[in-house]
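# Examining the three-dimensional arrangement
Spelled out from the first residue to the last, the chains are:
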Amino acid sequence: MSLLNFSIFHPVLMLSAFIGTADGYYHNRMDECVYSTSDYSDMVYLLSYSFNKAVELQYNSTVGKFVGFTEFGVKRAERLNKDQARLQQLKAQVDTFCRHNAQILDSAVRDETVLPKVKLSSVKQAEGNHPAVLMCSAYDFYPEQIKVSWLRDGKLMTSEVTSTMKMADGDWYYQIHSELEYTPTSGEKVSCVVEHASSTQPIVKDWNPSMPESERNKITIGSSGLVLGIIIAAAGLIYYKKKSSGRILVPN
Ligand SMILES: *[C@@H]1O[C@H](CO)[C@@H](O)[C@H](O)[C@H]1NC(C)=O
């Protein structure tokens, strides 16, 4: 898959108007712009009228007229199709409404790409017969479309990938986590490859089997805490001993 494909999705711009009545009848008018190319050459404008969720008639700019789907819809389409001025107006919506708004929206949102921050970490180290688990995480990227894969000495690993989870951060950014379960052998190179529209080159992170810095830091912090705890406990014990033995020495 070429990288360009990641940056082109199949967006639909939508505008919808509901008219409801207290007794449960709903009329709905929906304007849609459907396209899948970045030059908007395949832009289609759709206008649908629905009654109680069922589409009754629809204008499709490729067809150039209304088409009815229900008995009432067919009659209404026939009547609307006699109004040439209106049909011309709707045809123009492809440019004035769809291409115009798609351009604004895409440059403001879709084409704004943000490079993922990629982190490779160890979830579980290999122990006896148990395989090691690595996790490749990409944070704070936009847009959502992303591909995470694993390489072992340059060869794609597939069966060993156990889970991939993508989440929306809720702030327009996304994160993804992919886990790899494998049995390490010495001298091999395991890498995580991230492909995203924000980068023309794949982002490659090689796994360094020696203990990663974060793990070292954790051990350093943990052992410092332990030593500090022992010193404080010992000091407390000595203080307590001194105080209680001192109390005995004081005559009543
Ligand atoms: C619009 O009409 C064309 C021609 O019939 C059709 O190919 C296309 O699928 C329609 N578009 C949508 C989104 O329904």
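It should be noted that the structure appears before, not after, this text.
All of the points below concern the structure found in this document. For clarity, every value in this text was computed on a predicted model and none was experimentally measured.

Moving on, we get to the site of the ligand. Residues in close proximity to the ligand include L46, N60, T62 and V63, which together make up its full environment. Contact between the ligand and N60: an oxygen atom at 2.3 Å from a side-chain N or O atom of the residue. Taking 360 Å² as the accessible area of the ligand by itself, protein coverage stands at 43%. Here the shell around the ligand is composed, by residue class, of two nonpolar, two polar and no charged.

A full pass over the atoms with the stated rule returns two disulfides. Here C136 pairs with C192 through a disulfide, and the sulfurs are 1.9 Å apart. In this structure, the disulfide formed by C136 and C192 twists by about -75° around the S-S bond and is classed as left-handed. Pair noted here: C136 is in strand β7 (residues 132–141) and C192 is in strand β12 (residues 190–196), with a separation of 56 residues, a long-range link. No difference in accessibility class separates C136 from C192, as the two residues are buried. Listing the disulfide partners of the chain by sequence rank of the bonded cysteines yields 1-2, 3-4.

Time to look at the nonpolar core. C136, W150, Y182 and V194 are the most contacted members of the largest nonpolar core, which totals 21 residues. Among the elements that take part in this core, β7 stands out by supplying five residues, more than any other. Setting aside chain neighbours within four positions, we find V194 in contact with P116, V118, C136, I146, K147, V148, P202 and I203. Counting 19 residues, the second largest nonpolar core, distinct from the first, contains Y49, A77, L80 and V94.

Criteria and thresholds
- Residues numbered from 1 in each chain as written.
- Predicted model: local features only at pLDDT ≥ 70, side-chain atom pairs only at ≥ 80, totals over all residues.
- Heavy atoms only, no water.
- Near = heavy atom within 4 Å.
- Polar contact = N/O pair within 3.5 Å; in protein donor to acceptor, adjacent residues only side chain to side chain.
- Areas by Shrake-Rupley, 256 points an atom, 1.4 Å probe, with all protein chains shown as cover.
- Nonpolar A, V, L, I, M, F, W, Y, C, P; charged D, E, K, R; others polar.
- Disulfide = S-S within 2.5 Å.
- Helix = DSSP H or I, 4+ residues; strand = E, 2+ residues; numbered from the N terminus.
- Buried < 20%, exposed > 50% of the residue type's maximum accessible area, 1.4 Å probe, protein only.
- Core = buried A, V, L, I, M, F, W, Y, C linked by side-chain atoms within 4.5 Å.
- Contact = heavy atoms within 4.5 Å.

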